[in-house]
Amino acid sequence: MCGIAGMVSVRGPDPELVRRMCDVIAHRGPDGEGFHSDGRAALGMRRLAIIDVATGDQPVYSEDGRVVAVFNGEIYNFRELRRELVRRGHRLRTKGDSECLVHLYEEYGADMVRHLRGMFAFALWDRDRERLILARDRVGKKPLYWRSDGHSIWFGSELKSLEQDPGMRREVDPVALHHYLTYQYVPAPWSIYEGVRKLPPGHVLVWERGQVTFRRYWRLDRTPRPVADEREEEERLRELLLEATRIRMVSERPIGAFLSGGIDSSAVVAAMAMQSGEQIKTFCIGFEDGRYDERHKARMVADRYATDHHEFVVTSDLLDLLPRLAWQFDEPFADSSAIPSFYVAQLSRRHVTVALTGDGGDECFGGYQRYALMNQAHRIPGMPRALAAVSARVGTLLSERSDYGSARRRLGRLMRFAAEPPSLRYAGLMSRCTPGQKSEIYSDALRDRLAETDSHRLIEEIFLSSPAQTDLGRVLDVDTATYLPGDLLVKVDITTMANSLEARSPFLDHHLMEWAAGLPDALKVRKGQTKLLLKRAVAPWLPGELLHYPKKGFGVPLAAWLRGELRELAYDTLTDGTARGRGLFRPTVVRDLLQRHIDGADHGDRLWSLLQLELWHRAHAAPGRSTVTEAGCRVPERPV
């Protein structure tokens, strides 16, 4: 892993604690680490060096040493920034991107973040003002946790860092748990621990003499602009994607690309091949189950651009991998596509140190089928209030008491969907566990504590506060604020960093995102067709057959695994004395859920969420002194 960690205190920092915080940010390889300590602050970092490998050590300092920074990520416009800083009279000692931060702060203060183009989480200490600045990139590619007691503030790229402080209460936040079971990840600003928060994407935190303030510095403007010629828009999209890809190909280490066979990753590979003088290395994951295997699609693109193509087939032999993933993910995380993501990162790291991905194409250009559904939902006639209430109640009962994928469940969701306002319709679409299903499985104590907590309100509030003019624009805002940074980017960052691989996403270039946000809805979703303009724009680059395949995503045969090879693991882990002793769930309901799944009903999503939560508990939350595993990770000893 790579990352930053530190502590600032009005009483003075604990440098040895910060060193321990940095020690758990471990990655394989010879790359560098750094440390700074003075009267109020202690900052440290470990970084997988990609640019300026020889001289890009951290921390970095201003000329007079009064400003110091540690940084995780990459700044893609660092060359332009360096030229401008030199023109303004600054003296830079290195040739890389990190040093730009302290000099940009001297010029612009906290507004420096507006000048950065890239992915980043950084901490900057202004010694004279006794001011700490924490900042996270616009869409949340790099993580940043923090907690404060009013006198001190602790921060880190990983919760494992903050766990090193013996003064931190490692108690699960029930609200975070509630949200996790709904969405399969813990959304910002919550973390799984009470008292610890995630800095949301596109935000700056300023700590000054014990006071914490926040500022949001970036938000997409989805005001549609007039389009006179759609062909010009297609050409502009190609130009932006080529440029966003080109600047992400700058590296002193070997570079390649994930190639799933979908439109987005295929377009990135095409953009790389058209701008590289060397053969592109591509990496693909497949499955033995043909319903989930898309290697044939990836091969079409690999053959067209003569890439150096590598494949790996995922099996259900996961008994060693699942505990490792539970350790790497600092919070419970139940998106099962983390499994193929980890394997494709592992495969790629044997050949390259940087991999480009297609992440963000769906959120920019309207790629999910749920967008088409929401775009058409306004045609549903409104119901009288009393009828809507009955339809929603009956629909909820049907969907909560029916098996996944059954006709009764589909009917229930349709009745509820028709009766609810658009904000709650989308919250329901994004939920993997309904309020009733959670209430059924909770222990009495947990149910009582969460009786007034509604996870759907998280999406509802973002939807209703969105300045977008259409429901499609509002759900794109919701996904950009929640699903993208909370699920997709966490999955990619953790699985790649666990393999000392850096992932870069051209579609998440903020210039491209801002341009795409201004496109009219009809160029994203039209008559049930998704990603309309993007498909037209990249059609000259890709095999025609590829453009007409239905979108599958990065799914795994989860239901079959939980009935087969993972059946014993799931049953033993979820029903033993350790799991029952936590007092979170009703053991009889958990056993019944397991049995119903084995008998043929599909409860894979719920069982997977419970399994990942319990595996996380055993890797992170068990009491006891820490020990060192074979992988070099510090984990709490399990109670005997």
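Our structure's up above, just so we're on the same page.
Here's a quick rundown of the structure. (Residues numbered from 1 in each chain as written. Predicted model: local features only at pLDDT ≥ 70, side-chain atom pairs only at ≥ 80, totals over all residues. Heavy atoms only, no water.)

**Remarks on the nonpolar core**
Our working definition: We define the nonpolar core as a collection of buried residues of types Ala, Val, Leu, Ile, Met, Phe, Trp, Tyr and Cys that are connected through side-chain atoms lying within 4.5 Å of one another. When a residue's accessible area, from a 1.4 Å probe over protein chains only, is under 20% of the maximum for its type it is buried; when over 50% it is exposed; and in between it is partly exposed. Only DSSP runs of H or I with at least four residues qualify as helices, and only runs of E with at least two residues qualify as strands; both kinds are numbered from the N terminus onward.
In terms of nonpolar packing, the biggest core is built from 164 residues, with F122, I339, F365, F585 and W608 touching the most fellow members. Per-element tally for this core: the top contributor is helix α27 (residues 604-621), with eight residues. A41, M45, L134 and W146 belong to the second-largest nonpolar core, a separate cluster that totals 19 residues.

**A closer look at helix α8 (residues 295-304)**
The condition that has to hold: In this description, the arc belongs to the directions extending from the helix axis to the C-beta atoms.
Three or more residues of α8 are buried, namely R295, K297, A298, V301 and A302. Buried residues of α8, seen end-on, are gathered within an arc of 160 degrees and therefore sit on one face of the element. The positive-phi residue at the C-terminal boundary of α8 is A306, with phi of around 50 degrees.

**Some thoughts on the packing of helix α10 (residues 338-349) against helix α20 (residues 483-497)**
Definition in use: Geometry is summarised by axes, namely lines fitted to C-alpha atoms with helices restricted to the contacting stretch, and by angles between N-to-C directions that run from 0 to 180 degrees. Any angle that is under 35 degrees is reported as roughly parallel, and any over 145 degrees as roughly antiparallel; angles of 65 to 115 degrees are reported as roughly perpendicular and all others as oblique. The sense of a crossing depends on the near helix, which, turned anticlockwise from the far helix by less than a right angle, makes the crossing left-handed and, turned clockwise, makes it right-handed. Residues count as neighbours in contact if any of their non-hydrogen atoms are within 4.5 Å of one another. The classification used treats Ala, Val, Leu, Ile, Met, Phe, Trp, Tyr, Cys and Pro as nonpolar, Asp, Glu, Lys and Arg as charged, and all other residues, Gly among them, as polar.
Two numbers describe how α10 lies on α20: the axes approach to 8 Å, and their chain directions differ by 40 degrees. Compared by their axis directions, α10 and α20 come out oblique. When you trace α10 past α20, the crossing you get is right-handed. Across the interface between the two elements, A338, S341, F342 and A345 of α10 pack against K491, T495 and T496 of α20. Looking at the contact of α10 with α20 residue by residue, the classes come out as three nonpolar, three polar and one charged.

**Details of the packing of aromatic side chains**
Formally: Working definition: a ring pair exists when centres of Phe, Tyr or Trp rings (six-membered ring for Trp) sit within 6.5 Å. Plane angles under 30 degrees give stacked, over 60 give edge-to-face, the rest tilted. The criterion for a charge sitting over a ring is simple: Lys NZ or Arg CZ within 6 Å of the ring centre, and within 35 degrees of the ring normal.
Tallying each qualifying case throughout the model produces eleven aromatic pairs. Look at W146 and F214: their rings are 5.6 Å apart centre to centre, the planes differ by 55 degrees, and that puts the pair in the tilted class. Placement of W146 in strand β8 (residues 145-148) and of F214 in strand β12 (residues 211-216) is noted, with a sequence separation of 68 residues between them. We classify F214 as partly exposed; its relative accessible area is 46%. Taking 5.4 Å as the distance between ring centres and 65 degrees as the angle between the ring planes, the aromatic pair formed by Y368 and Y371 counts as edge-to-face. Accessibility classification places Y368 together with Y371 in one group, the buried group. One aromatic cluster in this structure is built from F312, F342 and Y343. Its guanidinium or amino end placed over the ring of W154, R147 lies 3.9 Å from that ring's centre, counting from NZ or CZ. Directly above the ring of Y483 sits R370, whose terminal nitrogen or CZ lies 5.2 Å from the centroid.

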